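# Coordinates in review
Residues per chain are reported as follows:
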Amino acid sequence: MFIKINSIATIGLETIPVDVEVDVAEKGFPGFTIVGLASKAVEEARERVKTSMVNSGFDFPSKKITVNLAPADIPKDGAAYDLPIAIGVLVASGQLEAPKKGTVYFFGELSLDGQLRPTRGILLLALFAKKKKHASIYVPKPSAPEASVVSDISVYPVETLKTLVLHLNGTTAIRKLAHRIVEPESDDTMWESDLKDIAGQEQAKRALVIAASGGHNLLMWGPPGTGKTMLARALPGILPPLTPAEALEVTRIYSVSGLLSPGTALLTKRPFRSPHHGVSAAGMIGGGSSPQPGEVSLAHLGVLFLDEMPEFPRSVLEGIRQPMEDGAVDIVRVSGHVHYPASFTLIAAINPCPCGYLGHPRRACTCSPKQIAKYRHRLSGPILDRIDLTVMVAPVEVEKLAMTGVSQIPTITTSEARIMVLKARSIQTKRFLGTGLYTNSQMKNREVKQMCHLTPEAESFLKVAAEKFDFSARSYMRIIKVSRTIADLVGETHILPTHVAEALQYKQFV
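Residues numbered from 1 in each chain as written. Predicted model: local features only at pLDDT ≥ 70, side-chain atom pairs only at ≥ 80, totals over all residues. Heavy atoms only, no water.

## Considerations on the pattern of salt bridges
Applicable threshold: Salt bridge, as used here, is a side-chain nitrogen of Lys or Arg placed within 4 Å of a carboxyl oxygen of Asp or Glu. Partly exposed describes any residue whose relative accessible area lies between the buried limit of under 20% and the exposed limit of over 50%, with all areas from a 1.4 Å probe on protein chains only and scaled to the type maximum. The helix and strand labels rest on DSSP assignments: H or I over at least four residues marks a helix, E over at least two residues marks a strand, and numbering proceeds from the N terminus.
For the structure shown, the criterion picks out 21 salt bridges. The salt bridge partner of Glu-109 is Arg-117, with a shortest N-O separation of 3.6 Å. Residue classification places Arg-117 among the partly exposed residues on the basis of a relative accessible area of 42%. Across the salt bridge formed by Asp-388 and Arg-478, the nearest N and O atoms sit 2.7 Å from each other. Placement of the pair is Asp-388 in the loop between α14 (381-385) and β18 (389-392) and Arg-478 in helix α19 (residues 473-489), with a sequence separation of 90 residues. Taken as a pair, Asp-388 and Arg-478 share a single burial class, namely buried. A single network of salt bridges, built from pairs that share partners, joins Glu-325, Asp-385, Arg-386, Asp-388, Arg-474 and Arg-478.

Right under this line is the structure:
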């Protein structure tokens, strides 16, 4: 008997329908063959499906079984085809009636005892099924919540193969999940670091607010122990929660990567990725035989923090140049092409020299000029040109570290900074409505000319500065975008000379 079961394949974030064709032949030698450009994980489904069926109390037919995953020219990877193959074998062998109502998709990995394990890519299946009228999906119970955020589909959380068969036979029904509306992140969330707990560094805090408001790249440089890492880790607290559209975009990446915790429906906090400097180029950019997202894509619409940036391999740093500019990564292999979004805010921290104490008011630097030059050359000109804000994080005076006295001078808190960022982001949301952009940093030259209106005085001031410091065209446009964000923070429609002046003071050279 021949039967066709609906499933999907994911290539990057692209979803392709797959027909799992199962034929149980009466004639021929007993065997179990899977064809259709299947990976090693898919081929191993033969043993998982057979054992899980037997341990669930079903008969595994001792006949010639052929499974074709069509279209045959599309690579199939992962263990998600276990469930559709098992259902196909059960139907083709006469142990189960074929689903007849509407469009039905099966997707999930089987354990040897018939349990369904968490499976990546469930959200992509749900979004694909939404395009079909009255579609139903049967997915593992631990991963089902991420599908419940998609409306207009029926999501059935399956615990075991046996309970699914009882449901399809009409014996014991599986209750489908209700559509879940995810509430935005609450404002009383506890964060790892609060800006009020960081002594001094008011200029660095201001730069952090600007970076968070406009999604601008920020480089902090200074001696060890001045608070660079603390400042970076305080950034998530002032970032706005993900909008519904942004949350769906980020969750898709984490879903296909298998990084969503079981039971998680939708990510509401912006990603904060902090890879070690030993990360490989493939780990940072993405790659592999079946290309997976790298750190730049996992930081999409969030923050990528590179502590001790010069310690990262040169190939890794040069690899992030294109994503910083284009907001996306294209991974090309002989077998195909994969596209991942990678619009992130880069926060980098560096020391002024190898020992870290060049220019320190109380400690002497032990590095030679040659060592300092070699250290700084690890960051190429094109990388530095893509950084919008550069700020020095100087050593903090002892008086500001004291528990009383001068340390009691008011400083901006995370809550106050968050309010400022939210106001600036709301202005940008209205500005970019219908354009697909979220922040000022994402603007291309065309949008800059359309949406960044400088007063004649501000434009004249910027031209003089550009000629004096010999800015590149990229730097020129980035200064305008930073100026636009500074104007948004005070609610100004036009960019004034004061906004340009503040943007220019963050265009330092390390």
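## Looking at the sheet that holds strand β17 (residues 345-350)
Short version of the rule: Strands were regarded as paired on the criterion that DSSP finds at least two bridges between them.
The five strands lie next to each other as β11-β14-β17-β10-β18, forming an open sheet whose pairing is parallel. Every interior strand has two partners, whereas the edge strands, β11 (272-273) and β18, have only one. For β11 and strand β14 (residues 303-307), the ladder comprises two bridges, and the chain directions are parallel. By the bridge assignment for β14, Arg-273 is matched with Leu-304.

## Some thoughts on the side chain of Gln-428
Inclusion rule: Polar contact criterion, stated in full: a pair of N or O atoms within 3.5 Å, where within protein one must be able to donate a hydrogen and the other to accept it, and residues adjacent in sequence count only if both atoms are side-chain atoms. Two residues form a contact once any of their heavy atoms are found within 4.5 Å.
Mapping Gln-428 onto the fold places it in helix α16 (residues 414-431). At 2.9 Å, the side chain of Gln-428 forms a polar contact with the backbone nitrogen of Asn-440. In contact with Gln-428, not counting residues within four places along its chain, are Ser-213, Gly-214, Tyr-438, Thr-439, Asn-440 and Asp-488.

## Notes on the pairing of strand β1 (residues 2-11)
Note: β1 against strand β2 (residues 14-25), 10 bridges, orientation antiparallel. The residue of β2 that forms the bridge with Ala-9 is Ile-16.

## A short note on unusual backbone geometry
A cis amide bond, omega 5°, links Ala-70 with the succeeding residue Pro-71. Here Leu-37, not a glycine, exhibits a phi torsion of approximately 60°, which is positive. Taking the relative accessible area as the measure of exposure, Leu-37 reaches 47% and is therefore partly exposed. Positioned with a positive phi, Asp-470 is a non-glycine residue whose angle comes to about 55°. Along the polypeptide, Asp-470 turns up in the loop between α18 (456-469) and α19.

## Considerations on the nonpolar core
Nonpolar side chains in soluble globular proteins tend to end up buried together. Quick note on the threshold: In these notes, a set of buried Ala, Val, Leu, Ile, Met, Phe, Trp, Tyr and Cys residues joined through side-chain atoms within 4.5 Å is what counts as a nonpolar core.
Membership of the largest hydrophobic core comes to 59 residues, with the highest contact counts inside it found for Ile-137, Met-284, Val-296, Leu-306, Met-309 and Ile-320. Here this core gets seven residues from one element, more than from any other, and that element is helix α4 (residues 122-129). Other than its neighbours up to four places away in sequence, Ile-320 contacts Met-284, Ile-285, Val-296, Leu-306, Leu-346 and Ile-383. By size, the runner-up hydrophobic cluster in this structure holds 51 residues, among which are Ala-212, Phe-305, Met-477 and Ala-503.

## Comments concerning the state of the cysteines
Defined as follows: Defined by distance alone, a disulfide is two cysteine sulfur atoms within 2.5 Å.
What the rule picks out here adds up to zero disulfides. In this structure Cys-353 is a free cysteine whose sulfur lies 3.5 Å from that of Cys-355, the closest cysteine sulfur available.

## A word on the packing of aromatic side chains
Going by this rule: Only Phe, Tyr and Trp rings take part, Trp by its six-membered ring, and two of them pair if their centres are within 6.5 Å. Stacked means planes under 30 degrees apart, edge-to-face means over 60, and tilted covers everything else. Placement of a charge over a ring requires the Lys NZ or Arg CZ to be within 6 Å of the ring centre, with the centre-to-atom vector within 35 degrees of the ring normal.
Scanning the entire structure with this criterion turns up six aromatic pairs. Ring geometry for Phe-32 against Phe-60: centres 5.6 Å apart, planes inclined by 40°, an arrangement best described as tilted. Of this pair, Phe-32 sits in strand β3 (residues 31-35) while Phe-60 sits in the loop between α2 (45-55) and β4 (64-70), placing them 28 residues apart in sequence. Accessibility assignment for this pair places Phe-32 and Phe-60 in one class, buried. Summarising the aromatic geometry, the rings of Tyr-138 and Tyr-156 are spaced 4.7 Å apart at their centres and angled 10° between planes, so their arrangement reads as stacked. Remark: Tyr-156 occurs in strand β9 (residues 154-158) and Tyr-138 occurs in strand β8 (residues 136-140); sequence separation between them is 18 residues. This pair shows no difference in class: Tyr-138 is buried, exactly as Tyr-156 is. Among the aromatic residues, those joined into a ring-pair cluster are Phe-106, Tyr-138 and Tyr-156. In this structure, Arg-431 is placed above the aromatic ring of Phe-432, and the distance from its NZ or CZ to the ring centre is 5.8 Å.

## A look at the pairing of β3
Burial along β3 is one-sided: Phe-32 and Ile-34 are buried, and none of Gly-31, Thr-33 and Val-35, which face the opposite way, are. In the sheet, β3 pairs with β4 via five bridges, with the strands oriented parallel. Bridged to Gly-31 within β4 is Lys-64.

## A few points about helix α7 (residues 228-238)
Burial within α7 is extensive, with eight of its 11 residues counted as buried. Inspection of α7 places Lys-228, Leu-231, Ala-232, Ala-234, Leu-235, Pro-236, Gly-237 and Ile-238 among the buried residues, and these make up the whole buried set.

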